[in-house]
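Chain residues, written in single-letter form:
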2 protein chains.
Amino acid sequence: MSITYTSIDHVSTYIAQMPMTDINMVEAAVRRQGQLTKPPGSLGRLEEIAIWLAGWQEQEKPEINAPACLIFAGNHGITNKGVSAFPSEVTEQMVLNFQHGGAAINQLCQTAGASLNVFSLSLDKPTADFSEEPAMSIDDTLAAMQIGADAIPDNADLILPGEMGIGNTSSAAALSHLVFGDHAATWTGRGTGLDDERLAHKTAIIKQSVARIGDRSLDAVTMLSELGGRELAAIAGCVLAARLRRIPVLLDGFISTAACLPLWAANEHALDHCQISHYSKEPGHRHVINALGKPAILDLDLRLGEASGAAIALMIVKAALSTHNGMATFAEAGVSDG
Amino acid sequence: MSITYTSIDHVSTYIAQMPMTDINMVEAAVRRQGQLTKPPGSLGRLEEIAIWLAGWQEQEKPEINAPACLIFAGNHGITNKGVSAFPSEVTEQMVLNFQHGGAAINQLCQTAGASLNVFSLSLDKPTADFSEEPAMSIDDTLAAMQIGADAIPDNADLILPGEMGIGNTSSAAALSHLVFGDHAATWTGRGTGLDDERLAHKTAIIKQSVARIGDRSLDAVTMLSELGGRELAAIAGCVLAARLRRIPVLLDGFISTAACLPLWAANEHALDHCQISHYSKEPGHRHVINALGKPAILDLDLRLGEASGAAIALMIVKAALSTHNGMATFAEAGVSDG
């Protein structure tokens, strides 16, 4: 199917008219779990994941054959305000590292069995400083979202979106603060390593940025244009396109999850096809996860981004499917079922 | 090396004279982590796991090439007291299911890349009802421990011990209560599915069993003979033998962890070569983990046993090693290190 983000209204229509999970296949998968040779419910989260996939793939025994990790990289004008411990040049250096196979996500995708593609989004044109003006135009936002949609390989059956962008925890914190309110400090963390003084400064910048906008009822595209980086808009566009194609998604950490908040703010079911891979050590992520009511799969104190947590969660998904699809039933194995 | 458990004193000597981690290799692995292309500490638990393995394998870049999952199965006289929701016949039925490849652990070992061996321990001779008398003789206990030691393949470089045994959460609860005190209810859970009334009954049986013994300062072998099942003694013997051979271990859930408490009670460093794979939903496990001060790797609401949590944790270990060994350093990749 062709998915094109041509206007704010166009995107809003997509968000309002999303496909939903297939309840019949969810129920079939629940029944199957009850027949497998184990006490009912004893595989916990693995059972939930298999059942969730059954609903989105519309089959009792879902399969993952072509999981696709998609990394979007962008640069941020907000770094001029001194909100990051690393210089902006590192974004491009890390993209080269991805391309040469030396980053964490290269090893993790190989271990977990996912394809990996990296998309550089105008690294030479950082977004504007969103504490003073919108980060980018509506057209630039739609273009970044489109790159996210077009990044999905034709055969992909699970998407692992990720990001690289020095300064982008500020964008994530600002979007979280805009969508959920509370205090700026709730959503603002140390990123790649700020000290106490610079954390306080960053928090003030986030507060100022959201206060500049004022209106919390913006549409998704406008929210992303105000506070997003290009890579966050790409992730939002990717996750929305995946939904329209019924492809489930493993969200990664704080930035990837925050990138999708504008979709959720427009439609509270917009992330039903997503699992959150892990609780990032960046403290805002746990608050976002709690607000979404979507418990994460892993809690490994990761705070790297790059879809690193999603790649690890892919292994858990594979474990879930191997048991769901491969185990014998009580009847098949001749085991008494209590 | 030949490891033989010929007497209580012999085992006690092994426990008192264990090899310890190699601090030099731990430090080398810490240094390597600091040079990899990521913010320091951003891979969280993955970094810790790689460093832990470096110490036990005595090499800066540890490798896992032959992880061995070893399932020990036993039957329990305590089931006569009505402490389990499933009949004892299920132990043997599940052993057949393991042998035919239909159980959860078969699928998980295949997915995670571990070998699997199953050991039936005199299923036709359940242990005695330990609420009234010792579960087994010292000789039977030593023999079960020896089976655990001998089960380790020559080339194994990581051990995933697991268990199957209807009634064995009672054994685990009793050992936990004996070692840590507190109330019997702290350690007693629903196992494979008891209702409230039967849970209260089970708790009373656990209380009575530990009260029968009275002495909390028993040696490890005697503790296991009093309250263990054969499969718990085998796990303790396996974990001790792994330590003597410097092979790291992924403990599984409540029963596997409780089986090792007699080793820990004799030497608080006895489980330093072990990681706890996951927090079981059986509530006693979290209390045991807190008492040991060894946070688990995963929290997936599993309560199956069979080393199922250990097999999943093996995937996390592989992810940890792939990043530790495969990532580029800042110098290699030409990335600014902040």
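Right above here is the structure, for reference.
Calculation rules
- Residues numbered from 1 in each chain as written.
- Chains lettered and ligands numbered in written order.
- Predicted model: local features only at pLDDT ≥ 70, side-chain atom pairs only at ≥ 80, totals over all residues.
- Heavy atoms only, no water.
- Contact = heavy atoms within 4.5 Å.
- Buried area = accessible area lost by both parts, 1.4 Å probe.
- Salt bridge = Lys/Arg side-chain N within 4 Å of Asp/Glu carboxyl O.
- Polar contact = N/O pair within 3.5 Å; in protein donor to acceptor, adjacent residues only side chain to side chain.
- Helix = DSSP H or I, 4+ residues; strand = E, 2+ residues; numbered from the N terminus.
- Nonpolar A, V, L, I, M, F, W, Y, C, P; charged D, E, K, R; others polar.
- Axes fitted to C-alpha atoms, helices over the stretch in contact; angles between N-to-C directions.
- Parallel < 35°, antiparallel > 145°, perpendicular 65-115°, else oblique.
- Left-handed = near helix turned anticlockwise from the far one by under 90°.
- Expected span 1.5 Å × (residues − 1).
- Buried < 20%, exposed > 50% of the residue type's maximum accessible area, 1.4 Å probe, protein only.
- Arc of directions from axis to C-beta.
- Core = buried A, V, L, I, M, F, W, Y, C linked by side-chain atoms within 4.5 Å.
- Pairing = 2+ DSSP bridges.
- Phe/Tyr/Trp six-rings, centres within 6.5 Å; stacked < 30°, edge-to-face > 60°.

### A short note on the interface of chain A and chain B
Turning to step 1, where the next piece is worked out: Across the contact, 48 residues belong to chain A and 48 residues belong to chain B.
Turning to step 2, where the next piece is worked out: In this assembly, chain A packs against chain B so that about 3,800 Å² is buried in total across both faces, 68% of it on carbon and sulfur atoms.
Turning to step 3, where the next piece is worked out: Counting the contacts that link chain A with chain B gives 0 salt bridges.
Turning to step 4, where the next piece is worked out: The tally of links between chain A and chain B comes to 16 residue pairs in polar contact (both at pLDDT 80 or more).
Turning to step 5, where the next piece is worked out: Secondary-structure elements contributing two or more residues to the side of chain A that touches chain B are α3 (44-57), α4 (89-100), α5 (104-112) and α15 (308-326) of chain A.
Turning to step 6, where the next piece is worked out: For the side of chain A that touches chain B, the leading source of residues is α15(A), giving 8 residues.
Turning to step 7, where the next piece is worked out: Residues of the side of chain A that touches chain B, tallied by class, amount to 25 nonpolar, 16 polar and 7 charged.

### Considerations on the packing of helix α7 (residues 168-180) of chain B against helix α10 (residues 220-227) of chain B
Residues and elements named next belong to chain B.
Turning to step 1, where the next piece is worked out: Relative to each other, α7 and α10 sit at 135°, their axes nearing to 10 Å. As the angle between them shows, α7 and α10 are arranged oblique. Every pair of crossing elements has a handedness; the one defined by α7 and α10 is right-handed. Note on element contacts: α10 touches α7 through M223, L224 and L227, opposite S171, A174, L175, L178 and V179.
Turning to step 2, where the next piece is worked out: Residues of the contact of α7 with α10, tallied by class, amount to 7 nonpolar, 1 polar and no charged.

### Focus on helix α9 (residues 196-213) of chain B
Residues and elements named next belong to chain B.
Turning to step 1, where the next piece is worked out: With 18 residues, α9 ought to run about 26 Å at 1.5 Å a step, and its terminal C-alpha atoms sit 27 Å apart, in line with that.
Turning to step 2, where the next piece is worked out: All buried positions along α9 are accounted for by L199, K202, T203, I205, I206, S209, V210 and I213. Down the axis of α9, the buried set is contained in an arc of 160°. They therefore lie on one face. Set apart from the buried face of α9 by more than 90 degrees, the exposed residues are E197, K207 and A211.
Turning to step 3, where the next piece is worked out: Elements in contact with the buried residues of α9: α7, α8 (184-187) and α10.

### Topic: the nonpolar core
Turning to step 1, where the next piece is worked out: Ranked by internal contacts, the top residues of the largest apolar core, which has 100 residues, are L46(A), I105(A) and L46(B).
Turning to step 2, where the next piece is worked out: With residues near it in sequence (within four places) discarded, L46(B) still touches L108(A), L300(A), L302(A), I312(A), I316(B), A319(B), A320(B) and T323(B).

### Points about the pairing of strand β3 (residues 158-164) of chain B
Residues in a regular strand point their side chains to alternate faces of the sheet.
Turning to step 1, where the next piece is worked out: Among the 7 residues of β3(B), 7 are classified as buried, and the element is accordingly described as predominantly covered.
Turning to step 2, where the next piece is worked out: Residues L158(B), L160(B), G162(B) and M164(B) line one face of β3(B) and the alternating positions I159(B), P161(B) and E163(B) line the opposite face, and both faces are buried.

### Comments concerning the side chain of S277(B)
Turning to step 1, where the next piece is worked out: By secondary structure assignment, the location of S277(B) is in the loop between β5 (274-276) and α14 (283-292).
Turning to step 2, where the next piece is worked out: When residues no more than four places from it in sequence are discounted, the contact partners of S277(B) are L250(B), L251(B), D252(B), A296(B), I297(B), L298(B), G309(B), A310(B) and A313(B).

### A few points about the packing of helix α2 (residues 23-35) of chain B against helix α3 (residues 44-57) of chain B
Residue and element names in this part refer to chain B.
Turning to step 1, where the next piece is worked out: Here α2 crosses α3 at 150°, and the two axes come no closer than 7 Å. Pair α2 / α3 crosses with right-handed handedness. Between α2 and α3, the contacting residues are M25, V26, A29, V30 and Q33 on the first element and E47, A50, I51, A54 and G55 on the second.
Turning to step 2, where the next piece is worked out: Here the contact of α2 with α3 is composed, by residue class, of 7 nonpolar, 2 polar and 1 charged.

### A closer look at the pairing of strand β3 (residues 158-164) of chain A
Turning to step 1, where the next piece is worked out: Examined bridge by bridge, strand β1 (residues 67-73) of chain A and β3(A) share 7 bridges and lie parallel to one another. When the sheet's bridge partners are listed, P67(A) is paired in β3(A) with L158(A).

### What about the environment of A310(B)?
Residue and element names in this part refer to chain B.
Turning to step 1, where the next piece is worked out: In this fold, A310 is placed in helix α15 (residues 308-326).
Turning to step 2, where the next piece is worked out: Residue classification places A310 among the buried positions, given a relative accessible area of 0%.
Turning to step 3, where the next piece is worked out: Distance from A310 to S277, taken between C-alpha atoms, is 5.1 Å for residues 33 residues apart in sequence.
Turning to step 4, where the next piece is worked out: When neighbours within four sequence positions are excluded, A310 is seen to be in contact with L160, L250, L251, D252 and S277.

### Quick notes on the packing of aromatic side chains
Residues and elements named next belong to chain A.
Turning to step 1, where the next piece is worked out: On inspection of all chains with the given rule, the structure shows 8 aromatic pairs over all chains.
Turning to step 2, where the next piece is worked out: Residues Y5 and Y14 carry aromatic rings whose centres are separated by 5.9 Å and whose planes lie at 85° to one another, so their mutual orientation is edge-to-face. One exposure class covers both Y5 and Y14, and it is buried.
Turning to step 3, where the next piece is worked out: Three or more aromatic residues joined by ring pairs make a cluster, and in this case those are F180, W187 and W264.

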